Amino acid sequence: MTKVTAQMSVSLDGFYTGPRDTRNPQDMSGWMRGPEAPGFFRVTRWAVDAMAWRERQGFAGGEQSADSEIVAETFAAAGAYVMGRRMFDAGEVPWGEEPPFRAPVFVVTHRPRAVLERRGGTSFTFVTDGLGRAVELARAAAGGKDVAVAGGGELLRQVLTAGLLDQLELHIAPVLLGDGQRLFDGGLGLGADDGIELVPTRVVETPGVTHIRYTVTGRSKLVLDDRGASGDLVTPARQ
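Here, residues in each chain are numbered from 1, in the same order as that chain's written sequence. Reporting in this predicted model follows two pLDDT cut-offs: at least 70 for local features of residues, and 80 or more for side-chain atom pairs to be given and counted; totals over whole chains, interfaces and linings ignore these cut-offs and use all residues. Hydrogens and waters are ignored; side-chain quantities use all the structure's heavy atoms.

Novice: What am I meant to see in the sheet that holds strand β11 (residues 209-221) here?
Specialist: Hydrogen bonding along the main chain pairs the strands of a sheet, whether they run parallel or antiparallel. In this scheme, strands are said to pair when DSSP sees at least two bridges between them. Starting at the N terminus, helices and strands are each numbered in turn, a helix being any DSSP run of H or I of at least four residues and a strand any DSSP run of E of at least two. In spatial order, the strands read β5-β6-β4-β3-β7-β1-β8-β11-β10; together these nine strands make up an open sheet with mixed pairing. Edge positions in the open sheet fall to β5 (116-117) and β10 (194-206), since each of these has one partner strand only. Two residues qualify as a contact provided that any one of their heavy atoms is within 4.5 Å of a heavy atom in the partner residue. Lines are fitted to the C-alpha atoms to define the axes, a helix being fitted only along its stretch in contact, and any angle between axes, read from their N-to-C directions, falls within 0 to 180 degrees. Contacts from helix α4 (residues 66-77) reach β1 (4-11), β3 (78-84), β7 (146-151), β8 (167-173), β10 and β11 within the one sheet, and its direction differs from that of β3 by about 90 degrees. Of the strands in this sheet, β3, β4 (104-108), β5, β6 (123-127) and β7 touch helix α5 (residues 85-95), which is tilted by about 115 degrees from β3.

Novice: Whenever I open this one, the nonpolar core confuses me. Can you help?
Specialist: Note on soluble globular proteins: their nonpolar side chains tend to be buried together. Note on terminology: a nonpolar core comprises buried Ala, Val, Leu, Ile, Met, Phe, Trp, Tyr and Cys residues joined through side-chain atoms within 4.5 Å. For the exposure calls, accessible area comes from a 1.4 Å probe over protein chains only, and a residue counts as buried if that area is under 20% of its type's maximum, exposed if over 50%, partly exposed in between. Ranked by internal contacts, the top residues of the largest apolar core, which has 30 residues, are Val82 and Leu165. The set of elements that each furnish at least two residues to this core consists of β1, β3, β4, α6 (131-141), β7, α7 (153-161), β8 and β11. The residues touching Val82, leaving out its near neighbours within four places in the chain, are Phe106, Val108, Leu131, Ala134, Val135, Ala138, Val147, Ala148, Val149, Ala150, Gly151 and Leu155.

Novice: Quick question: what am I supposed to make of the packing of aromatic side chains here?
Specialist: Both the distance between ring centres and the angle between the ring planes are used here to describe each pair of aromatic rings. For Phe, Tyr and Trp, rings pair up if their centres lie within 6.5 Å, where Trp contributes its six-membered ring, and each pair is then called stacked (planes under 30 degrees apart), edge-to-face (over 60) or tilted (otherwise). This structure, assessed with the given rule, holds eight aromatic pairs. Between Phe101 and Phe124, the aromatic rings sit 6.2 Å apart at their centres with planes inclined by 85 degrees, giving edge-to-face as the arrangement. Separated by 23 residues along the polypeptide, Phe101 in the loop between α5 and β4 and Phe124 in strand β6 bring together distant segments of the chain. With respect to burial, Phe101 and Phe124 carry one shared label: buried. Taken together through their ring pairs, the aromatic side chains of Tyr81, Phe88, Trp95, Phe101, Phe124 and Phe126 make up a single cluster. Definition used: whenever NZ (Lys) or CZ (Arg) falls within 6 Å of the ring centre and also within 35 degrees of the ring normal, the charge is taken to sit over that ring. Positioned over the ring face of Phe75 is Arg56, at 4.3 Å from the centre of the ring.

Set out below in structure tokens:
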């Protein structure tokens, strides 16, 4: 059964990149020199060092480790991808003529563009009629495998808020960034008595990162919990 999945590397204090670059959001040419890159490369270091990631990018070397096995597993599970336009703009040139996806990618955007075909089975289809439509197209193209939300963080939040996400895997790097783009924030649109419930289904600890996989069970109402009160909640008497 096709699942909609997402995975993201974050710092211990919840950031997936450094602070947002305030330049023209359509101009990604200087991204590597901007404020986002240092934090991003720190939290993704575990993946860049993994043999499976490096092989997929066409690079030599890397470590064969539990981290590498998780990277390989993630690539193998995906039959199609959904991606934000900003991530596509940042990656189009570095990915080159043979991007690492090797599957159809559906880019959520307001700017139309013809389908971009690349070597190795990757194609980029630019979807201008909404996130739901992009996920629908990706499901149809996935061939029974998973639809992977490839990022960035803003798109992941939109998928989660829309109730479309089935599985989330966080890769938590042991570093505090202090500032940057936080993966989960007020943009989830939750009220004071709302929550999105997740059930942890796997935890893998390695020296450089902790991988936690969750099944997303959806929105729920939060209730006042008096289990620590051994009975009815009692309002303290006024002095």
